[in-house]
Amino acid sequence: MSTPPNRSAPGSSSPGKPGTPETSETPGIPEAPEVPEAASETPAESPPPVPLRRNHNFRMLWIGGGSSVLGVRTAVSAYPLLMLWSTGSAAHAGLVAFAALLPQLLLVLPAGALVDRWDRRRTLMVCDAVGLAGMASLVVALLLGKLYVGQVMLVAFLEGGAVIFYRIAERAVIRGAVPTGQLSEAFSQHQARGHAAGVLGQPLGAGLFSLARWAPFLAAAVTHTVALVTLLMMRHQPVESRTGTRRALRTEIAEGIAWVWRQRFLRAALLVISISNIAFQVMALALVVLVKEGGHPAYMVGLVGLLGGAGGITGAMTAAWVMRRIRLGPLLLLALAVWTALMASLAFVAHPVALGLVSAGTTWVGALLNVAAGVHQVKVTPDALQGRVSSVFALVTSGLNSLGALLGGVLLTWYGGARTMAGVAVCMAVVTLLALAAPTVRRAAD
């Protein structure tokens, strides 16, 4: 789950309530702004906000970002197929997945600080250009009949790094393009778009791979080109001015870390989610291995991805309804419990349809949590800190994803899909019990 790939951790709410963060006066670090209660309390003289469907910048961002995500998902789904069906090695597939996820450990914190310095739309465009160049290099190599594990790892690393910068910058751009009262709707559409790209990307990658090994990467290059064009069509979007002298990068990174550290709920939630995301990386590779162990053709991996993406879309579209009824802390506990049960079921099922239904359940719950977390974070984080705070969340929750991919490759090689997932489910059960025992998580309010 590129993430999913690619999940955010929830924020915190106002001081004085049980389970909510306490803040302190720290020089140089802005406090979280007070969140408006509801759109209905906007003064009568204020004009109503433009609907999202008529918001030009949001439309262009949604289309361009969706095209970019589609390209990434298509390529990511083709990486393990390329390794498993060309070399027959789960270890090679794990190495490529490790390279793709390693930027989440190495680049996240500097990416957040740099995004807060740079023009955010231009950052998105550079990320698409990097993806386009990497995909084109793979197409050329495969057309020449060459397959180098090192080259695939390098391209996966560069694409993964571009994704880090893209996601952090895009989150900040959404906040600037959409009024506060429309953030829940905007993030629901944003999350649904990502899962829709997954629905299309995984079967597209698997189907194109069945036609030609280079075809998924050509398709990814085309989608990155489309994304560049739509981003060029966005109007300039002013952001909150950054006053004062630019400081050392490590100082600016430290401000983001300090701001997050003061949020008491975050300290517990981020740790829990980081461990669960390692399990998800093992699960993602295990789904491919289980299809292959069952003797099914490569395109059945696309079916698993199709069902998983459908679950994510459903979760994103129902997130606003769920958020009105379940607070952030209980929603996190519910997600952990459901993930544990579904991962345990993978020790007993092997048919691609059953695997796809399990994937759908995990992504449905994950989408609910992602939307709730994303909305809360952009509301409470000052604009000047958006990139750095997002990068801290990404580092803590996803920085060890590369370890999960590497570990998954080793475990799946030694023990196979069913036994590996049984062990992962036991680990998830322990994490769930620890979270349930933490009063800060149980009582957390959104």
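The structure displayed is predicted, hence computed values, not measured ones. (Residues numbered from 1 in each chain as written. Predicted model: local features only at pLDDT ≥ 70, side-chain atom pairs only at ≥ 80, totals over all residues. Heavy atoms only, no water.)

**So, the packing of aromatic side chains**
Then step 1. Evaluation of the coordinates by the stated rule reveals 4 aromatic pairs.
Then step 2. A centroid spacing of 4.9 Å and a plane angle of 90 degrees characterise the contact between phenylalanine 280 and tryptophan 339, whose relative ring orientation is edge-to-face. On the criterion of sequence distance, the pair formed by phenylalanine 280 in helix H10 (residues 264-293) and tryptophan 339 in helix H13 (residues 328-345) is long-range, its members being 59 residues apart.
Then step 3. You can call tryptophan 339 buried: its relative accessible area is 2%. (Phe/Tyr/Trp six-rings, centres within 6.5 Å; stacked < 30°, edge-to-face > 60°. Helix = DSSP H or I, 4+ residues; strand = E, 2+ residues; numbered from the N terminus. Buried < 20%, exposed > 50% of the residue type's maximum accessible area, 1.4 Å probe, protein only.)

**Some details on the confidence of the model for the protein**
Then step 1. Residues at a pLDDT of 70 or more form 85% of the protein, whose mean pLDDT is 79.
Then step 2. When pLDDT is averaged over each helix and strand of the protein, the minimum, 76, is found for helix H17 (residues 439-442) and the maximum, 92, for helix H8 (residues 215-232).
Then step 3. Low pLDDT, under 50, characterises residues 1-44; the predicted model gives this stretch 99 contacts beyond four residues in sequence or across chains.
Then step 4. In the model, residues 238-244 has pLDDT below 50 throughout and makes 7 contacts with residues more than four positions away in sequence or in other chains. (pLDDT = per-residue confidence, 0-100. Contact = heavy atoms within 4.5 Å.)

**Section: the packing of helix H2 (residues 90-101) against helix H6 (residues 149-177)**
Then step 1. Direction vectors running N to C along H2 and H6 enclose 30 degrees, while the axes themselves pass 7 Å from each other. Classified by the angle their axes make, H2 and H6 are roughly parallel. For the element pair H2 and H6, the recorded crossing hand is right-handed. Along its contact with H2, which presents His92, Leu95, Val96, Ala99 and Ala100, the element H6 presents Val149, Val152, Met153, Ala156, Phe157 and Gly160.
Then step 2. Taken together, the residues of the contact of H2 with H6 sort by class into 9 nonpolar, 2 polar and no charged. (Axes fitted to C-alpha atoms, helices over the stretch in contact; angles between N-to-C directions. Parallel < 35°, antiparallel > 145°, perpendicular 65-115°, else oblique. Left-handed = near helix turned anticlockwise from the far one by under 90°. Nonpolar A, V, L, I, M, F, W, Y, C, P; charged D, E, K, R; others polar.)

**Thoughts on helix H4 (residues 108-117)**
Then step 1. Among the 10 residues that make up H4, 8 are buried, leaving the element largely enclosed by the rest of the structure.
Then step 2. Val108, Leu109, Ala111, Gly112, Ala113, Leu114, Val115 and Asp116 are the residues of H4 that are buried.

**What about the side chain of arginine 120?**
Then step 1. Summarising the element assignment, arginine 120 is placed in helix H5 (residues 120-143).
Then step 2. For arginine 120, a relative accessible area of 5% gives the class buried.
Then step 3. One polar contact links arginine 120 to aspartate 116, side chain to side chain, over a distance of 3.2 Å. (Polar contact = N/O pair within 3.5 Å; in protein donor to acceptor, adjacent residues only side chain to side chain.)

**Comments concerning the nonpolar core**
Then step 1. Ranked by internal contacts, the top residues of the largest apolar core, which has 100 residues, are Tyr79, Phe217 and Met343.
Then step 2. Here this core takes 15 residues from H10, the largest share from any one element.
Then step 3. Methionine 343 has contacts with Ala279, Phe280, Met283, Met421, Val424, Ala425 and Met428, leaving out every residue within four places of it along the chain.
Then step 4. Of all hydrophobic cores here, the second largest spans 12 residues; its members include Val260, Val380, Leu385 and Val389. (Core = buried A, V, L, I, M, F, W, Y, C linked by side-chain atoms within 4.5 Å.)

**Considerations on the environment of proline 103**
Then step 1. If you trace the backbone, proline 103 turns up in helix H3 (residues 103-106).
Then step 2. Under the relative-accessibility criterion, proline 103 is labelled buried at 0%.
Then step 3. Residue contacts for proline 103: discarding those within four places in its chain leaves Val108, Phe157, Gly160, Gly161 and Ile164.

**Some points on helix H9 (residues 249-261)**
Then step 1. The terminal C-alpha atoms of H9 lie 18 Å apart, and with 13 residues this matches the ideal 18 Å at 1.5 Å per residue to within 8%.
Then step 2. Among all positions in H9, only Glu252, Ile253, Glu255, Gly256, Trp259 and Val260 are buried. Here the buried residues of H9 occupy an arc of 150 degrees about the axis, which is enough to place them on one side. The exposed residues of H9 that point more than 90 degrees off its buried face are Arg250 and Trp261. (Expected span 1.5 Å × (residues − 1). Arc of directions from axis to C-beta.)

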